[in-house]
Amino acid sequence: MAAGLGAWAVVVLATTLATVAYGQNCKPVDSQALKYFQLEIVFGGEEFKTWQDGTNCCTWDGVTCNGNGNVESLNIVAKDVPAARPQGDPYLVGTALGDLVGLKNLTMLNVAYNGQIPPAWGGLANLEVLNLDGCNVVGSIPEELCRLGNLHTLILKGNFISGSAPECLSSLSLSSLDLSGNQLSGSVPSIP
Ligand SMILES: *[C@@H]1O[C@H](CO)[C@@H](O)[C@H](O)[C@H]1NC(C)=O
């Protein structure tokens, strides 16, 4: 009896500690969005080794959740600079990340993103930071990014972005904007 109670106490304690250590459980829709995105990343090796099916996405490398179990920050830093410019027509990558309703900070450095920023990201109403420095981003900047009313930092430097930057970006309250090192034509919108 005493031993049984002791074992029960250990289970309760372990469960409590696990909850404290891992925080919230990832929302299934968030978990699925991250998985879809991972499949689109061409050279996703080391950075994604903790992104295992059936595990809590809030514990994955580069992922932080808020108290509701929604992904709040996605931060992936690749070890190697992606080499060649992606070939072929630009295609959208990471459309699924537009489902991360709690996302505030999307920062990827040197990740072989190899695609075009999806218009769906314009729906990330809580996004404050978008930094895709050196990620082989191609295509143009979608006008939909101008809907990101909470965005204060937009860094897209060191990519292969072409076309002209949407003028409406100047209507955002950006404190930091860096579009340098791309193939943009025309002028870059000014920020206050
Ligand atoms: C966004 O995430 C990056 C990477 O973790 C971090 O360096 C940066 O400070 C964050 N920005 C904000 C405003 O939280």
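Residues numbered from 1 in each chain as written. Predicted model: local features only at pLDDT ≥ 70, side-chain atom pairs only at ≥ 80, totals over all residues.

**Remarks on the sheet that holds strand S1 (residues 63-65)**
Rule in force here: The pairing criterion for strands is at least two bridges between them, as found by DSSP. Here a helix means four or more residues in a row that DSSP labels H or I, a strand means two or more in a row labelled E, and each is numbered from the N terminus. Only the stretch in contact is used when fitting a helix axis, every axis being a line fitted to C-alpha atoms; angles between N-to-C directions are given from 0 to 180 degrees.
If you trace the six strands from one edge of the open sheet to the other, you get S1-S2-S3-S4-S6-S8, paired in mixed fashion. The sheet is open, and its two borders are formed by S1 and strand S8 (176-178), each paired with just one other strand. When strand polarity is set aside, the average angle formed by the axes of neighbouring strands in this sheet is 10 degrees. Judged from the three bridges that link them, strand S6 (residues 153-155) and S8 form a sheet pairing that is parallel. Paired with Ile155 across the bridge in S8 is Asp178.

**A word on the UniProt feature "domain: Leucine-rich repeat-containing N-terminal plant-type" (unreviewed entry) in the protein chain**
Our working definition: UniProt positions are given in the numbering used here, feature names are shortened, and annotations may be inferred rather than shown by experiment.
Under the present numbering, the feature "domain: Leucine-rich repeat-containing N-terminal plant-type" (unreviewed entry) in UniProt falls on residues 46-66. Taken end to end, residues 46-66 is 0% helix and 14% strand, and its two terminal C-alpha atoms sit 25 Å from one another.

**Regarding the nonpolar core**
The test is simple: Note on terminology: a nonpolar core is any set of buried Ala, Val, Leu, Ile, Met, Phe, Trp, Tyr and Cys residues joined through C-beta atoms within 7 Å. For the exposure call, what matters is how many other C-beta atoms sit within 10 Å of a residue's own: 20 or more marks it buried, 12 or fewer exposed, and in between partly exposed, using C-beta atoms placed from the backbone. We call two residues in contact if the C-beta atoms placed from their backbones are at most 7 Å apart.
Val63, Val71, Val111, Tyr113 and Val137 are the most contacted members of the largest nonpolar core, which has 44 residues in total. Elements represented by at least two residues in this core include exactly helix H2 (28-40), S1, strand S2 (71-77), strand S3 (105-109) and strand S4 (129-133). Setting aside residues no more than four positions away along its own chain, Val111 makes contact with Ile41, Ile76, Ala78 and Cys135.

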